[in-house]
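Understanding the architecture of this molecule
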Amino acid sequence: MTSKLATAAVVAAALGFASSAIAQDMRFVVVTHGQASDPFWSVVKNGVDEAAKDLGVTVEYRAPGTFDMVQMAQLIDAAVASQPDGLVVSIPDAEALGDSIKNAVASGIPVISMNSGSDVREELGVAVHVGQTEYEAGLGGGKRMKAEGVTKAICVNQEVGNVALDTRCEGFTDGLEGGSVEVLSVSMDPTEIGNAVKAYLSANPDTNGVLALGPAAAEPTLTALEEAEMLDKVKFGTFDLSPTVLKAIDEGKMLFAIDQQQFLQGYLPIQLLRLNKLYGLMPAGTVMTGPGFVTKDNAAQVIELSAKGIR
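Keep in mind the model is a prediction, meaning the values are calculated, not measured.

Rules and cut-offs
The residue count restarts for each chain, going from 1 along the sequence in the order it is written. Two thresholds apply to this predicted model, a pLDDT of at least 70 for residue-level local features and 80 or more for giving and counting side-chain atom pairs, whereas whole-chain, interface and lining totals are computed over all residues. Note that water and hydrogens are dropped before the side-chain values are worked out from all heavy atoms of the structure. Any Lys or Arg side-chain nitrogen found within 4 Å of a carboxyl oxygen on Asp or Glu counts as a salt bridge. A simple rule labels every residue: compare its accessible area, found with a 1.4 Å probe on the protein chains alone, to the largest value its type can have, and call it buried under 20%, exposed over 50%, or partly exposed in between. The secondary structure listing takes helices from DSSP runs of H or I that are at least 4 residues long and strands from runs of E that are at least 2 residues long, numbered from the N terminus. Residues grouped as a nonpolar core are buried Ala, Val, Leu, Ile, Met, Phe, Trp, Tyr and Cys residues, joined through side-chain atoms within 4.5 Å. Two residues form a contact once any of their heavy atoms are found within 4.5 Å. Helix axes use the C-alpha atoms of the stretch in contact, all axes being lines fitted to C-alpha atoms, and the angles between their N-to-C directions lie in the range 0 to 180 degrees. Each angle is binned into one of four classes, with values under 35 degrees roughly parallel, values over 145 roughly antiparallel, values of 65 to 115 roughly perpendicular, and all other values oblique. Crossing handedness is read from the near helix: turned anticlockwise from the far helix by less than a right angle, it gives a left-handed crossing, and turned clockwise, a right-handed one. Residues are sorted three ways: Asp, Glu, Lys and Arg are charged, Ala, Val, Leu, Ile, Met, Phe, Trp, Tyr, Cys and Pro are nonpolar, and all the rest, Gly among them, are polar.

Scanning the entire structure with this criterion turns up 14 salt bridges. Residue R62 pairs with E60 through a salt bridge whose shortest N-O separation is 2.4 Å. Its relative accessible area of 22% is what places R62 among the partly exposed residues. Overall, the relative accessible area of 25% leaves E60 in the partly exposed class. Among the salt bridges present, the one from E226 reaches K253, with a minimum N-O distance of 2.9 Å. Of this pair, E226 sits in helix α8 (residues 215-227) while K253 sits in the loop between α9 (243-250) and β10 (256-259), and the two are 27 residues apart along the sequence. Judged by relative accessible area, which is 33%, E226 ranks as partly exposed. Each of E226, K247, E251 and K253 takes part in salt bridges that share partners, so that together they form one network.

Right under this line is the structure:
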């Protein structure tokens, strides 16, 4: 019996070393529409980097310098040409990126979509999506605003042309159930965002709700509302987290943040691609990472992890 156990241990160890050796030769590429310097996408990249470290694989993170679908398609094409063991993509615009993604799938490269694209990944041949469903997340935000008495709101969109963000606003509008929502289109420039919010609220003083679609829009909007002394007049929420957003929620300056746990969106696809390479395993459908809501009740619990770049 002892001999059999010893033999089994040797075999298991050998298999472990073999798996480790295979993993060390794996290379994956992540192409997203978000820059690693962005408060949201920096957490995604942290997830990617930690997965690479934990799993002993090589991962390259690539993104256009700004929200640019032509450049992003080119990055996907270049990734496919390099023949990685797997590809992770966000899909903010299926029409602009569809051909490049279909080409990756046709080339035999395992492709996982993340963050945006849950509604289009199947038609592009992508087996699994890691993220949240954007409409339902926006819907939940709208319902929370309605419960707080909001009847007229703006949806601050910092990435015009990003279909996922459009879908968030649609869900938010439906969730407000009878209330009115106007999309405020801005760039990523903080000064422009702040000025646009103040100008809109000045011209529309009956507005009593503001939803930002990410920290890049939420942080300058918060500053604008503070400067205009309107935090007590407007219910304010956002998608996604940052240390500034969490501090504002904890202090009661913001109503909520819709959390999609983007660290998992960076980490899980790498784990799934590794298992696919090793064993041919792959889930199907959407692996949900959200939505969840961070409010004043639980903000303090999340702040420490946010400071570490995990939430």
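Another point: the nonpolar core. Looking at soluble globular proteins, one finds that nonpolar side chains tend to be buried together. In terms of nonpolar packing, the biggest core is built from 28 residues, with V156, L184, V197, F236, I249, M254 and V294 touching the most fellow members. Considering every element that reaches this core, the biggest residue donor is α8, with five residues. Dropping the residues within four chain positions of it, I249 is found in contact with M254, F256, A257, V294, T295, K296 and A299. Of all hydrophobic cores here, the second largest spans 25 residues; its members include V48, A52, V57 and M114.

The next subject is the packing of α9 against helix α11 (residues 299-307). Two elements in contact, α9 and α11, have axes separated by 9 Å at closest approach and are oriented at 160 degrees. The orientation of α9 relative to α11 falls into the category roughly antiparallel. Judged by the sense of rotation from one axis to the other, the crossing of α9 with α11 is left-handed. Between α9 and α11, the residues in contact are P243, L246, I249 and D250 and A299, A300, V302, I303 and S306, respectively. When the residues that make up the contact of α9 with α11 are grouped by side-chain class, the tally is seven nonpolar, one polar and one charged.

Inspection of the secondary structure puts I154 in strand β6 (residues 152-157). On the accessibility criterion, I154 (0% relative accessible area) is buried. Considered as a pair, I154 and L176 are 22 residues apart in the sequence and their alpha carbons are 11 Å apart. Setting aside chain neighbours within four positions, we find I154 in contact with F172, E182, L184, Y200, T207, G209, V210 and L211.

Take unusual backbone geometry next. Between G290 and P291 the backbone carries a cis peptide bond, its omega angle lying at 10 degrees. Structurally, P291 is set in the loop between β11 (285-288) and β12 (292-294). Look at N115: it is not a glycine, yet its phi comes out positive at around 70 degrees. Tracing the backbone shows N115 in the loop between β4 (111-114) and β5 (128-131). For Q261, which is not glycine, the phi torsion reads 50 degrees and is therefore positive. Relative to the assigned elements, Q261 resides in the loop between β10 and α10 (262-279). Here Q261 falls in the partly exposed class, since its relative accessible area comes to 31%.

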